[in-house]
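Next come the chains, spelled out residue by residue.
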Amino acid sequence: MASGQRLFLLTIIALNSLGLVIENTFTTPNNGKLNLFQVADFLQYVVDINQCGLDLGGITTLTFEAKACGDANTIMSNSDNGNSSKPIYEFIIGGWENQKSAILRRNDDSLTQSSQQVVIFNTPDICKCDEYRQFWISANNGVLMMGKGLIVGINVIAEWTDPDPFTVKSIGIITWGGIGEWKVQLEGNIVSFS
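1. Observations concerning the state of the cysteines
- Under the definition given, this model contains one disulfide.
- Paired by a disulfide, Cys69 and Cys129 hold their sulfur atoms 2.0 Å apart. Residues Cys69 and Cys129 are joined through a disulfide that is right-handed, its torsion about the S-S bond being 135°. With Cys69 in the loop between strand 5 (61-67) and strand 6 (72-77) and Cys129 in the loop between strand 9 (116-122) and strand 10 (133-140), this residue pair connects regions lying 60 residues apart in the sequence.

Here it is in structure tokens:
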């Protein structure tokens, strides 16, 4: 686990027929300018949002608010125990000095070019250092999307279809080059609170 403060608060928003809807507040540390395609054990730097006691295996969407100067990134992994050799999606919001966003896929930890894919989109000034901005991501049947707002499928800013999708077993967040503040909304079944 990387050094730095990792905080989260749990707030129950509503109880619905599918389970609980909760909001978790996280702070992500400044991890410098590491790159998914250059660090074999990448998941050690990611704040695992599964830590809030929910079973998030198979989750396909995530809504959140992020306050960061850029690089407000979410990770969907095929590993449920931080194994960076499993397939990973990274959704970059406000990368490249807050000018572009991207969807990345890494097949394993070999760091070879053939095991990596990236699609980049222009999104100037999408993040803001001193204001929460609302976003969503989705990985459903190989269709990877991200957008603005808290309604999945509306205000799409990026979309890519993965020809060989994997099942998401865990989700994490990370901020490159600065500290990030996050409010993450989740639906799930309670496993345990620790």
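Now that the structure has been shown, we can carry on.
2. Digging into the environment of Leu104
- The residue Leu104 is located in strand 8 (residues 100-106) in this model.
- When near neighbours in sequence (up to four residues on either side) are disregarded, Leu104 contacts Leu36, Phe37, Ile88, Tyr89, Glu90, Ile92, Gln117 and Val118.

3. Here we look at the packing of aromatic side chains
- Using the criterion set out here, one finds four aromatic pairs in the structure.
- Aromatic pair Phe42 and Trp176: ring centres 5.8 Å apart, planes at 50°, arrangement tilted. Of the two residues, Phe42 is situated in the loop between strand 2 (19-28) and strand 3 (47-48) and Trp176 in the loop between strand 13 (170-175) and strand 14 (180-190); the sequence distance between them amounts to 134 residues. Trp176 shares its class with Phe42; the two are buried.
- For the ring pair Phe64 and Trp182, a centre distance of 5.3 Å and an interplane angle of 40° mean the geometry is tilted. Of the two residues, Phe64 is situated in strand 5 and Trp182 in strand 14; the sequence distance between them amounts to 118 residues.
- We classify Trp182 as buried; its relative accessible area is 1%.
- Taken together, the ring pairs in this structure connect Phe64, Phe135 and Trp182 into an aromatic cluster.
- Across from the ring centre of Tyr132, 4.3 Å away, lies the NZ or CZ of Lys183, which sits over that ring.

4. What to know about the side chain of Ser79
- Here Ser79 is to be found in the loop between strand 6 and strand 7 (88-94).
- The class for Ser79 is buried, based on a relative accessible area of 2%.
- At 2.8 Å, the side chain of Ser79 forms a polar contact with the side chain of Asn81.

5. Focus: the sheet that holds strand 6
- Read from one edge to the other, the open sheet built from six strands follows the order 3-13-6-7-8-9, with strand pairing classed as antiparallel. Two strands in the sheet have a free side with no partner beyond their single neighbour: strand 3 and strand 9.
- Here six bridges tie strand 6 to strand 7, and the two strands are oriented antiparallel to one another. Bridge pairing in strand 7 links Ala72 to Ile93.

6. Thoughts on unusual backbone geometry
- With phi around 60°, Glu97 is a residue other than glycine that occupies positive phi space.
- Mapping Glu97 onto the fold places it in helix 1 (residues 95-98).
- If you check the backbone angles, Asn141 has positive phi at about 55° while not being a glycine.
- Along the polypeptide, Asn141 turns up in the loop between strand 10 and strand 11 (143-148).

7. Details of the pattern of salt bridges
- Summed over the entire model, instances satisfying the criterion amount to three salt bridges.
- Note that Glu181 and Lys67 form a salt bridge whose closest N and O atoms lie 3.6 Å from each other. Taken as a pair, Glu181 in strand 14 and Lys67 in strand 5 lie far apart in primary sequence, 114 residues in all.
- Note on Lys67: relative accessible area 21%, which makes it partly exposed.
- Here Arg133 makes a salt bridge to Glu131, at a shortest N to O gap of 2.9 Å.
- On the basis of relative accessible area, Glu131 is assigned to the partly exposed category, the value being 35%.

Each value, and the rule that gives it
Residues numbered from 1 in each chain as written. Predicted model: local features only at pLDDT ≥ 70, side-chain atom pairs only at ≥ 80, totals over all residues. Heavy atoms only, no water. Disulfide = S-S within 2.5 Å. Helix = DSSP H or I, 4+ residues; strand = E, 2+ residues; numbered from the N terminus. Contact = heavy atoms within 4.5 Å. Phe/Tyr/Trp six-rings, centres within 6.5 Å; stacked < 30°, edge-to-face > 60°. Buried < 20%, exposed > 50% of the residue type's maximum accessible area, 1.4 Å probe, protein only. Lys NZ or Arg CZ within 6 Å of the ring centre and 35° of its normal. Polar contact = N/O pair within 3.5 Å; in protein donor to acceptor, adjacent residues only side chain to side chain. Pairing = 2+ DSSP bridges. Salt bridge = Lys/Arg side-chain N within 4 Å of Asp/Glu carboxyl O.

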